[in-house]
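Okay, here's what each chain looks like letter by letter:
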Amino acid sequence: MRTTGQDQPKQRTFFQRIHLDFPLLIGIMSLMALGLFVVFSAGGQEFDIVIRQAIRLGIALVVMFAVAQIPPMSYQKWAVPVFIIGILMLVAVLLFGHVGKGAQRWLDLGFMKFQPSEIMKLVVPITVAWYLSQYDLPAKTSNIVVAFVLALIPTLLIAKQPDLGTSLLIASSGIFVIFLAGASWRLIAVCGGLASAFAPILWFFLMKPYQKQRVLTFLNPEQDPLGSGYHIIQSKIAIGSGGINGKGWLQGTQSQLEFLPERHTDFIFAVFSEEFGLIGVAILLLVYLAIVMRGLYIAVNAQQAFTKLLAGSLTLTFFVYVFVNIGMVSGLLPVVGVPLPLVSYGGTSMVTLMAGFGIIMAISTNKRVHA
Amino acid sequence: MPSRKRISIRNHSAEANLFARRTFITFIGVIVMLLILFSNVYSLEVSSYDKYKTKSNSNRIKLLPVAPNRGLIYDRNGVLLAENKPIFSLEMIPEDVENIEESLAEVAALLDISAEKQAKALKSIRSKRRFKPVEISSRLNDQQVAEFSVNQHKFPGFFIDARLKRYYPFSDLTTHSIGYVARINQRDSIKLEEQGKAENYAATRNIGKLGLEKYYEELLHGTIGHQEVEINNQGRIIRTLDFTPPIPGKDITLSLDIELQMIAKRALAGKRGSIVVMDPRNGEILAMYSNPSYDGNLFVHGISSKNYNKLRNSKDLPFINRSTQGRFPPASTVKPFLALTGLEENLITPEFEIFDPGFYQLKGVKNKRRDWKRWGHGKVNLTKSLEQSCNIYYYDLAFRLGITKIATMMERFGFGDYTGIDVHEERSGIMPSVEWKRARFNQQWYTGETLSVGIGQSYWTVTPLQLANATSILANKGEIKIPHLLKSTTEEVTEIVDGQEVSRSVTEEIIYEDKRPIVLNDSKNWDLVLDAMHNTVQKYRATGYNAFKGSTYDAAGKTGSAQVANIKQDEKYDAKKTQENKRDNAMFIAFAPYEAPEIVVSVAIENVAEGGGAANAAPVARQMMDQYFGDRVIISEDQSRHPHHENVYGAKKLSTNP
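Residues numbered from 1 in each chain as written. Chains lettered and ligands numbered in written order. Predicted model: local features only at pLDDT ≥ 70, side-chain atom pairs only at ≥ 80, totals over all residues. Heavy atoms only, no water.

(A) Representation of the sheet that holds strand E9 (residues 225-231) of chain B. Residues and elements named next belong to chain B. Read from one edge of the open sheet, three strands run E1-E9-E10, paired in antiparallel fashion. Whereas interior strands pair on both sides, the edge strands pair on one side only; in this sheet they are strand E1 (61-66) and strand E10 (237-244). Sheet twist, expressed as the average angle between the axes of neighbouring strands with direction ignored, equals 30°. Bridge analysis of E9 against E10 gives six bridges, and the strand direction is antiparallel. By the bridge assignment for E10, His 226 is matched with Thr 244. This element, helix H3 (residues 49-60), spans E1, E9 and E10 of the sheet and lies at about 45° to E1. (Pairing = 2+ DSSP bridges. Helix = DSSP H or I, 4+ residues; strand = E, 2+ residues; numbered from the N terminus. Axes fitted to C-alpha atoms, helices over the stretch in contact; angles between N-to-C directions. Contact = heavy atoms within 4.5 Å.)

Okay, structure coming up:
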């Protein structure tokens, strides 16, 4: 079948030929550049840490570029086996996994340590999108139930590690596919009701004490200002004392004098808003919005249901990162370990994220080709 | 697996529409959530900006209190009596030392620091933050300081810290008047809190505990300063933002003359007693010494319990400042005051005489009271009663005056009341009266007790300071000066002159207001009593004659010998000691020069061997006066002031009869 897309350009540009989406790349690169400055400030003004972050960003860009070269429809062939392997690896992590920071997330393969939950961030939306795109849209309830189970299995396995942040991201990637596939509003309402009924079960039977503590701390951080409430109190002080204009780059007292914990990783947004103020925050949010808009634009203009669902889900999951991170740092949400995408210091999740952008770029530049 | 056919018949445009709709909905969702995030950050950074700005500053800005230097204490001639001496301690910052245990052992070997101290230092290194200094040895001696200074380059991270500690160079010579400072304890803290002074003492370690150090704490302490610093989350100081220097306490100059004080100590060596020397013209205390004394410096560093118990359990009671707290029966030293009362009440005249057969007997009472001279003094008039210290004359006078008239007059001379001297450690003594005895013992007053009061015994107790004060009033003919130790205060004042900061010291003399004077019905009575006191010292064979023979100034005085009434404090019976305790106390009061008194001396010595006041206390007063007058020759030539003398006393007598 030949494509007849209206916005198909007559001649392919340079970026299209190398399968990169130029506007998306601009957004990503500007966040990365911004991130390097903030990491320098938050990391005690050491060039070491900036260089290490720059190397990671370079690797992530290479990964993105490589993934962008893979025709997106080819993922359909691999969806089921990779999904099954992924589930098996998650089970393996729980059984033989390497314990780090009180949670089992790593699988030691002998030559390298490997975090299967990261792969699942991509495998789950691919699998669910593959499954639902085989049927007519809007998806039938029975298909949705199957899709939901497909997303739920890895979510629960990862939550068991325990890694609340990642399981939340994986669950939402699946749910976004289901929503975009046209799940009826009535079903959404029923699921919403079931979810709220599930909440007490989650609280009493599934959550670990430290997770419960996080939620309690979120509800009332002042109850233990030097213990579990310390992070969020100091983070709010950092943000609040930034004011409209901010204290200036390298001038944030909360971060420079080390009152703010985890300043170059999960709490980097607090450093950013202390030093750049409300104006800086507005610009940052606009850049994120631009990336999300471009991602959604690519999704809408994708040729196949599968690519539409996949691009949409990946883009929205990216936004979940942003929302959960800023929400938790500014005291709107309980603290779960989610980094500020493309800005926070740290490797693994960045590589996965960039691989996701690689897929989106592949979808954007492979409109003519379909499997 | 679904077939390819099924896909080909799908309604693509409907699917695309559905997808576009759903995407649009999620896009709206994204916008809404971004607005939520933004409005939350807005409320933090704009609405609550002030709150978080304050919190951020209180996180990072800390006020470090800086203690003011305590004011110094000088004697009247500018001799330093209390100074702030630097003491040196060896300290170390753990993070600056590479191999802590090795370096510590090396330093310890160099400075001869005990293994115990090393272990203690290692323990506190483990418990403290690595950038906070740890004290290894406090109070290094000069040799240790020198030794370390030469080798300092070998021990990075080790340094010597100097702190100021109070030091009293004359140690036990000044302890009873100056007192001492010591570590602020919990009781002091509570008191400071109640007085609202806690903030001013935030950096202060020591506080005045006794004597002038306590009485003038507020003058001496000064005002706290502050260093405003920026700290990080561990409390490490990053930089200083602001500095408000402390205002040092005022220096104070005392009326004490340390040389006179030394003479007093020497005169009392080996005895228990007190000497007070006062200037009757203004109430200044020139010397005030109580023996035995103790070294106040011991308390500044925290006295060991061994030393403390030794002092506390000493039978000589060194902690008691006998000058202001000793309770001595005044004995015959009060006779001039009683004579004055008799003259004022018109019960005696200078010519009035009694016959002294060697005893006094009340009508209808078997008990005879004996005079100190077995065969009596024969005919005794006012002058002779003082010169010879005749008890019979005063039994008779006291009997006729009655206790109430005596007590009323004696209270005007300050007996039984605080003198108001500027130390807190003062006792009022006891001026017995009918009311006093009823309140104290709920008993009636007996006439026999009045007779005893007539010779300064019974319940009557005085402090040497009270005696000096009363003598001063007598010498001043009724003018009452408040005895005091503080003469003036000095402080550095910084002024801006022509845009330049100039500091100069400003001295402020302290002005003491007189108390209401004693006005007699007949002011001639003063002269009659003073003249008799003059005779007591100057007339051959009078009680004070021997002690002042050959003096180049013209002294007047009165002796006293009190029967056993030692100051007791939970004393156990001890046969050996009791013998000594039963001995008489020697008392003496004096002033000089007779015509224009410059000093008043009162002496009290406990349990002297024999001879009473004339042989034991009067020579001590003589030594004080000799020191005070030095080479001065004061000649009394005004014949009219000496109606009862055949010749003129003092220097002239010396020159005619060498």
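(B) Region of interest: helix H4 (residues 75-96) of chain A. The sharpest bend along H4 of chain A measures roughly 30° and falls at Pro 81 of chain A. By the burial criterion, the buried members of H4 of chain A are Tyr 75, Ala 79, Phe 83, Gly 86, Ile 87, Leu 90, Ala 92 and Val 93 of chain A. (Bend = angle between axes of the 7 residues up to and from the residue. Buried < 20%, exposed > 50% of the residue type's maximum accessible area, 1.4 Å probe, protein only.)

(C) Highlighting the packing of aromatic side chains. Residues and elements named next belong to chain B. Going through the model one piece at a time under the given rule, you end up with 37 aromatic pairs over all chains. On the basis of an interplanar angle of 85° and a centroid distance of 5.7 Å, the ring pair of Trp 436 and Phe 441 is categorised as edge-to-face. Residue Phe 441 is classed as partly exposed on the basis of its relative accessible area, which comes to 36%. One aromatic cluster is present, built from ring pairs that chain together Tyr 180, Tyr 294, Phe 299, Tyr 308 and Phe 319. (Phe/Tyr/Trp six-rings, centres within 6.5 Å; stacked < 30°, edge-to-face > 60°.)

(D) The arrangement of unusual backbone geometry in detail. Residue and element names in this part refer to chain B. At the junction of Asn 291 and Pro 292, the peptide bond is cis and its omega measures out at -5° in the coordinates. At Asn 442, a residue that is not glycine, the phi angle is positive and equals roughly 55°. Mapped onto the elements of the fold, Asn 442 is located in the loop between helix H19 (434-441) and helix H20 (447-454). Overall, Asn 442 belongs to the exposed group, its relative accessible area being 66%.

(E) How the structure looks around the domain arrangement of chain B. All names here are of chain B. Here chain B is described as being made up of domain 1 (64-254) and domain 2 (260-480 + 516-656). Here the C-alpha centroids of domain 1 and domain 2 sit 46 Å apart. At the junction of the two partners, domain 1 supplies 23 residues and domain 2 supplies 26 residues. Across the domain 1-domain 2 interface, the total number found is two salt bridges. Asp 172 is paired through a salt bridge with Lys 265; the nearest N and O atoms lie 3.2 Å apart. Our count for the domain 1 to domain 2 interface comes out at 13 residue pairs in polar contact (both at pLDDT 80 or more). Of the residues forming the side of domain 1 that touches domain 2, the biggest block, four residues, is contributed by helix H9 (residues 211-215). Within the side of domain 1 that touches domain 2, the residues separate by chemical class into 11 nonpolar, six polar and six charged. (Domains from an automatic or database assignment. Salt bridge = Lys/Arg side-chain N within 4 Å of Asp/Glu carboxyl O. Polar contact = N/O pair within 3.5 Å; in protein donor to acceptor, adjacent residues only side chain to side chain. Nonpolar A, V, L, I, M, F, W, Y, C, P; charged D, E, K, R; others polar.)

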